[in-house]
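Residues per chain, in single letters:
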Amino acid sequence: LKMFSLGSWLPALPGLVWGWALLDALLQGLVGACAVSVLCSLLKVYLYIQCLNHPERQAQKEAIQAQRQVLEPLHVVVLTGVLALVGSRVAALVVLEFSLRAVSTILSLGKGAHSSQLYLLCQYSLGCGVSCSLSFLLEGAPHGTCNLVLAAGLAGLLAAYARRLARHVCTLYELHSGARYCGVCILLLTAGHGIPRLLRNALVITFAVADLAAVALINRDFLSTAEAVRFWTPLTICYTLLVIYMQEEPRQSSGGRPVYQTVLVRMGGLFILLLTVGRWSDVLHIFISLLGELWCLLRASVLLEACRQQ
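Note that the coordinates shown come from a computational prediction; the quantities given were computed from them, not determined experimentally. (Residues numbered from 1 in each chain as written. Predicted model: local features only at pLDDT ≥ 70, side-chain atom pairs only at ≥ 80, totals over all residues. Heavy atoms only, no water.)

Undergrad: Whenever I open this one, the packing of aromatic side chains confuses me. Can you help?
TA: One pair of aromatic rings is described through two measures. These are the centre distance and the angle between the planes. Taken as a whole and judged by the stated rule, the model has two aromatic pairs. Residues Phe-98 and Phe-207 carry aromatic rings whose centres are separated by 5.1 Å and whose planes lie at 40° to one another, so their mutual orientation is tilted. You can see Phe-98 sitting in helix H4 (residues 88-109) and its partner Phe-207 sitting in helix H9 (residues 195-219), a full 109 residues away along the chain. For the pair Phe-98 and Phe-207, a shared accessibility class is recorded, and that class is buried. (Phe/Tyr/Trp six-rings, centres within 6.5 Å; stacked < 30°, edge-to-face > 60°. Helix = DSSP H or I, 4+ residues; strand = E, 2+ residues; numbered from the N terminus. Buried < 20%, exposed > 50% of the residue type's maximum accessible area, 1.4 Å probe, protein only.)

Below is the structure:
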């Protein structure tokens, strides 16, 4: 297979492996981006129905309805590139950080409560989690690229159907739910309130697998237990401080600004940590991750506002 290897004649770049590995990274990023697209489409359906059921939220309903569907493919393409460029080490750290933050947030919400905003905040972490899981599960597989092609095809199909559902709901749900002659709209009318529970169960399974994959991907770089301890000790301290900050921040301020502010704080904490115990390529990947986080939040700004008003 050396005749097909681009790495034999192209220069090596940090964080980017040429040849089949580059194709695998792009396919993993595409699957992760499609997973994010499905998440956003289903949340859009849920929040639109919720706004429609409350006349005082008419402005939010119109804002969700006015979102341009043509920008969704661009969002998938950009996120695919970001996830392909981010190294598995930084992606694993992002997954572990969000998992710890999510557990802390869920425990603080109280029994039986759920937060749709948390689902939107996990977009980039979800993409990293899917990418990490695929990288770990298919490591050393003889037909890994073929498996990724099939996974990307299935993920793209699911994302396309989810976008089509969101477009149908935003255009025709108000008419069809009243006339009661559309099977999809009738199903959403009776069972649409269960969308958050469906997303919660899917995300729990996804992040459980991603956390195991993330720990394995990080530990494979260590040659001894002492080296692993030198990395995990400051990482644990950093994550603990970040979680404490995440719990205190909503009490001190409100509105959309803290969402972006906490992204900068989290990525800044990981940046300082990797300056001391990481590699120089990890620092570059932190900046790429910051762009990915901000891109996802900007794209979902209308949905975030609807969640805050819920």
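Undergrad: Mind showing me how you'd approach the confidence of the model for the chain here?
TA: Per-residue confidence for the chain averages 80 on the pLDDT scale, and 86% of its residues sit at or above 70. Per-residue pLDDT, averaged within each element of the chain, yields its smallest value for helix H10 (residues 225-252) (71) and its largest for helix H6 (residues 123-137) (91). Counting contacts from residues 1-17, a segment whose pLDDT is below 50, to residues more than four positions away or on other chains yields 15 contacts. (pLDDT = per-residue confidence, 0-100. Contact = heavy atoms within 4.5 Å.)

Undergrad: I tried to follow H9 on my own but got confused; where do I start?
TA: In an α-helix, one turn spans 3.6 residues, which is why side chains three or four residues apart end up on the same side. Relative to the 36 Å expected for 25 residues at 1.5 Å per residue, H9 spans 36 Å between its end C-alpha atoms, a close match to the ideal helical length. Regarding H9, the residues found buried are Ile-195, Pro-196, Leu-199, Leu-203, Phe-207, Ala-210, Ala-213, Ala-214, Leu-217 and Ile-218. (Expected span 1.5 Å × (residues − 1).)

Undergrad: Can you help me understand the packing of helix H2 (residues 58-65) against helix H13 (residues 301-309) in this one?
TA: Axes are the key here: two packed helices are described by the angle between their axes and the distance separating the axes. The contact between H2 and H13 brings their axes to 9 Å, and the two run at 160°. The orientation of H2 with respect to H13, classified from their angle, is roughly antiparallel. Between H2 and H13 lies a crossing of left-handed hand. Counting all contacts with H2, which are made through Gln-60, Ala-63 and Ile-64, the residues of H13 involved are Val-302, Leu-303, Ala-306 and Gln-309. (Axes fitted to C-alpha atoms, helices over the stretch in contact; angles between N-to-C directions. Parallel < 35°, antiparallel > 145°, perpendicular 65-115°, else oblique. Left-handed = near helix turned anticlockwise from the far one by under 90°.)

Undergrad: Looking at this structure, I do not really get the side chain of Arg-89. What am I missing?
TA: With respect to the helices, strands and loops of the structure, Arg-89 is situated in helix H4. Exposure remark for Arg-89: the relative accessible area of 7% places this residue in the buried category. Of the polar contacts made by the side chain of Arg-89, one reaches the side chain of Asp-282; its length is 2.8 Å. (Polar contact = N/O pair within 3.5 Å; in protein donor to acceptor, adjacent residues only side chain to side chain.)

Undergrad: Can you help me understand the environment of Cys-122 in this one?
TA: Here Cys-122 shows up in the loop between helix H5 (116-121) and H6. Taking the C-alpha atoms as reference points, Cys-122 and Leu-39, separated by 83 residues in sequence, lie 9.6 Å from one another. Apart from the residues within four sequence positions on either side, Cys-122 is in contact with Leu-39, Phe-98, Leu-203 and Phe-207.

Undergrad: Looking at this structure, how should I read the pattern of salt bridges?
TA: Side chains that differ in charge, positive against negative, can pair when their charged atoms come close. Scanning the entire structure with this criterion turns up six salt bridges. Two residues, Glu-97 and Arg-101, come together in a salt bridge whose shortest N-O distance is 3.0 Å. With Glu-97 and Arg-101 both in helix H4 and four residues apart, the pair spans about one turn of that helix. Just as Glu-97 is buried, Arg-101 falls in that class too. Here Arg-220 makes a salt bridge to Glu-139, at a shortest N to O gap of 2.7 Å. Linking Arg-220 in the loop between H9 and H10 with Glu-139 in the loop between H6 and helix H7 (144-179), this pair joins segments that are 81 residues apart in sequence. Here Glu-139 falls in the partly exposed class, since its relative accessible area comes to 47%. Shared partners join several salt bridges into a network, and the residues in it are Glu-97, Arg-101, Arg-266 and Glu-293. (Salt bridge = Lys/Arg side-chain N within 4 Å of Asp/Glu carboxyl O.)

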